[in-house]
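# Structural features, examined
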Amino acid sequence: MHHQPEYMLGVDIGTTSTKAVLFTTQGKVVAQHAVEYPLMCTSPGMAEQDPLQIYAAVLEAIRQAVSNGKAAAEQITLVSFSAAMHSVIAVDREGNLLSNSITWADSRAGEWSNRIRDEMDGRAIYLRTGTPIHPMSPLCKIMWLRHDQPELFARTARFVGMKEYVFYRLFGSWLVDHSIASATGLFNLQQLDWDRGALELLGINANQLSQLVPTTHHLSGLEPAVAQQLGLLPTTPFVIGANDGVLSNLGVNAIGPGQVAVTIGTSGAMRTVIDKPMTDPSGRTFCYALTDKHWVVGGPTNNGGSIFRWVRDELATAEAAAARDAGLDPYEALTSIAETVPAGSEGLLFHPYLAGERAPLWNADARGSFFGLAMHHRKQHMIRAALEGVIFSLYSILPAVEDLIGPTQRMMATGGFARSALWRQMMADIFNREVVVPESVESSCLGATVLGLYALGKIDSLEVIADMVGATHRHVPNPESVALYARLWPIYAALPQLLEQQYRQLSQFQREVGVKHAG
């Protein structure tokens, strides 16, 4: 009898879309499908999504990936999940939705995050939970709900995240993996349990949260009708998996000592893997679980592709339009404009804090600026400075990471920016390290499936990832550019400290003036 190939399915529940990727057991992409959904931002600071739309997107993405890959149900050995962190959904006793999914990007808990940090022992909570005190974190969001939406808070039987809701709809139980839990600000990293102090602060108890399980936890027993709709067997194992950040590290093979994964999507992050949980006495880094033996430390930045989009839509409208008319990608057109300017943009620096900044500043009031503008600067300098500013802001996270883990060597670059040769070279020059781009762009989905193989005992170590990840691009630092960036870096790094008071005053002004316009 002809032996049928075996497949595995990685599903990534993201902020803009859910993507399902069908892989061979060797990690080659067979087929994929993504389903997008809107982010609701109808009031200042709000960033919500409809969990029903996301649940439907998960089903549709799986169904389409299986059918695109022409895979028979019995060929699919596992389905494993990656998901965005920090979402909060309020549900009642029956599991009905009382709220939308409040995403990581929602900043309405800003005032409460300041109060928790400054007046309520926030530093101690961070040191125990590994999640920086920031409006993105469920800790701050639930505090905000308690005080600003007390009637909703009182009716809530459970606070859950997006992946928990999907698993509840599929299997009828409320479960959360250690990895998503470790990004809530409510999970004690040493005890692997909900943190008593954090729960007391919020006035909730552990049975208002999901049951904690390891990232390797798996379930089967889909309802036959759902299994048939998806093209799976009712017995196909579903592995709960982890969060998208830690799975991306696994998916690019940045799990060895001194290996750093740098991702720039809408926002950006730098992450590296260690073997036990660690937090930073200065509070600059996060610590999230991958498995009980793999912990990921790093820092997120708010500013990545979102800055490039702002440049495209506000500074370079004409150039972007001309590119579209010529049938070119507007981003590639902007990149080639930026390439006409030397490294360092002839002394123009851009701080990309258009949406405040997370690591290492953790200051939601920080604001963007061009610094050093002179008569010789043209629009192309501004475009290049904006790209350099995003890399500089990522570079500023490196000292915090190296303070915890020691020196780093190789950077694995992923996310949308990795498609641009200019941006990759810029990273090599600003970091003065080799930059490697892994072949698979679906790193979170690939990471999920490798974790799935590990969960089901099909492999005994995560190291097999090394054989699955090829390299498509390598960039070595260019010494002349390295020298220019090294001169500019101290100037770039000093400014946010000097401007702290002015950031606060100006963002206060913007809030007051902005509210009048919105009304």
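Quick note: structure is the one above.
For the structure given in this document, a descriptive report is provided here. Predicted model only: the values in this text are computed from it and were never measured. (Residues numbered from 1 in each chain as written. Predicted model: local features only at pLDDT ≥ 70, side-chain atom pairs only at ≥ 80, totals over all residues. Heavy atoms only, no water.)

## A closer look at the overall build of the chain
- What the chain contains, in helices and strands, is 20 helices and 23 strands.
- For 519 residues, the compact-globule estimate of 2.2 N^0.38 gives 24 Å, and the chain sits close to it at 23 Å.
- Once the C-alpha set of the chain is aligned to its principal axes, its extents read approximately 70 × 60 × 45 Å.
- A separation threshold of at least 6 residues defines the contact pool for the chain, and within that pool the share at least 24 residues apart is 71%.
- Accessible area of the chain: about 21,200 Å², with a carbon and sulfur share of 52%. (Helix = DSSP H or I, 4+ residues; strand = E, 2+ residues; numbered from the N terminus. Rg over C-alpha atoms; globule rule 2.2 N^0.38 Å. Contact = heavy atoms within 4.5 Å. Areas by Shrake-Rupley, 256 points an atom, 1.4 Å probe, with all protein chains shown as cover.)

## Considerations on the environment of Pro-438
- In this fold, Pro-438 is placed in strand E22 (residues 435-438).
- For Pro-438, a relative accessible area of 3% corresponds to the buried category.
- Along the chain, Pro-438 and Ser-82 lie 356 residues apart, while their C-alpha atoms are 19 Å from each other. (Buried < 20%, exposed > 50% of the residue type's maximum accessible area, 1.4 Å probe, protein only.)

## Quick word on the pattern of salt bridges
- Counting across every chain of the model gives 17 salt bridges.
- In this structure, Asp-292 and Lys-293 form a salt bridge, with 3.7 Å as the shortest nitrogen-oxygen distance.
- The exposure class of Asp-292 is exposed, given its relative accessible area of 56%.
- Residue Lys-293 is classed as partly exposed on the basis of its relative accessible area of 49%.
- Through salt bridges with shared partners, a single ionic network connects Glu-48, Asp-106 and Arg-108. (Salt bridge = Lys/Arg side-chain N within 4 Å of Asp/Glu carboxyl O.)

## Focus: unusual backbone geometry
- Omega for the peptide link from Ala-359 to Pro-360 comes to -10°, which places this bond in the cis form.
- With respect to the helices, strands and loops of the structure, Pro-360 is situated in the loop between strand E19 (349-351) and strand E20 (369-371).
- One non-glycine residue, Lys-70, lies in positive phi territory at about 50°.
- Positionally, Lys-70 belongs in the loop between helix H1 (51-68) and strand E5 (76-83).

## Considering the sheet that holds strand E16 (residues 268-274)
- Taken in spatial order, the seven strands make up an open sheet running E17-E18-E16-E15-E21-E22-E23, and their pairing is mixed. If you trace the sheet from one side to the other, it starts and ends with strand E17 (286-291) and strand E23 (471-475), each paired once. Going from strand to strand, the sheet's axes swing by 25° on average, the running direction of each strand aside.
- Sitting on the sheet, helix H16 (residues 421-431) is in contact with strand E15 (259-264), E16, strand E21 (410-414), E22 and E23, with an inclination near 50° to E23. (Pairing = 2+ DSSP bridges. Axes fitted to C-alpha atoms, helices over the stretch in contact; angles between N-to-C directions.)

## Regarding the environment of Ile-264
- Relative to the elements of secondary structure, Ile-264 occurs in strand E15.
- Along the chain, Ile-264 and Asn-302 lie 38 residues apart, while their C-alpha atoms are 9.8 Å from each other.
- Excluding residues within four positions of it along the chain, Ile-264 makes contact with Gly-304, Gly-305, Val-390, Ile-391, Leu-394, Thr-414, Gly-415, Gly-416 and Phe-417.

## Description of the sheet that holds strand E14 (residues 238-243)
- Read from one edge of the open sheet, six strands run E3-E2-E1-E5-E14-E13, paired in mixed fashion. Of all the strands in the sheet, just strand E3 (29-36) and strand E13 (218-219) have a single pairing partner and so form its edges.
- By the bridge criterion, seven bridges tie strand E1 (residues 7-13) to strand E2 (residues 17-24) in an arrangement that is antiparallel. What sits directly across from Ile-13, in E2, is Thr-18.
- Where helix H6 (residues 162-171) meets the sheet, its contacts fall on E1, E5, E13 and E14, and the angle it forms with E14 comes to roughly 175°.
- Relative to the sheet, helix H17 (residues 443-455) contacts E1, E2, E5, E13 and E14, its axis offset from that of E5 by approximately 125°.

## Some details on the nonpolar core
- By size, the foremost hydrophobic cluster in this structure holds 83 residues, and its most contacted members are Ile-13, Ile-62 and Phe-238.
- Look past the residues within four positions of Ile-13 in its chain and what remains in contact with it is Thr-18, Tyr-37, Ile-54, Val-58, Phe-81, Ser-82, Ala-83, Ala-84, Met-162, Lys-163 and Val-166. (Core = buried A, V, L, I, M, F, W, Y, C linked by side-chain atoms within 4.5 Å.)

## Description of the packing of H16 against helix H19 (residues 479-498)
- Interaxial distance between H16 and H19 falls to 8 Å at its minimum, and their mutual angle equals 65°. Viewed along their axes, H16 and H19 form a crossing whose handedness is right-handed. When H16 is examined against H19, the residues Met-426, Asp-429 and Ile-430 are found in contact with a partner set consisting of Ser-481, Val-482 and Tyr-485.
- Per-class residue counts for the contact of H16 with H19 are four nonpolar, one polar and one charged. (Left-handed = near helix turned anticlockwise from the far one by under 90°. Nonpolar A, V, L, I, M, F, W, Y, C, P; charged D, E, K, R; others polar.)

## Thoughts on the pairing of E15
- With six of six residues buried, E15 is to be regarded as a mostly interior element.
- The two faces of E15 match: Gln-259, Ala-261 and Thr-263 on one face and Val-260, Val-262 and Ile-264 on the other face are all buried.
- Sheet analysis places E15 next to E21, joined by five bridges and oriented parallel. Residue pairing for E21: Val-262 is matched across the bridge by Ala-413.
- Pairing analysis gives four bridges linking E15 to E16, with the strands arranged antiparallel. Within E16, the residue paired with Val-262 across the bridge is Met-270.
- Hairpin connection, E15 to E16: the antiparallel pair is bridged by three residues.

## Concerning H6
- Of all 10 residues that make up H6, nine are buried, and the element is covered over most of its length.
- Turning to H6, its buried residues are Met-162, Lys-163, Glu-164, Tyr-165, Val-166, Phe-167, Tyr-168, Leu-170 and Phe-171.
- Looking at the residues trailing H6, positive phi occurs at Gly-172, about 80°.

Purely geometric numbers; function is a separate question.
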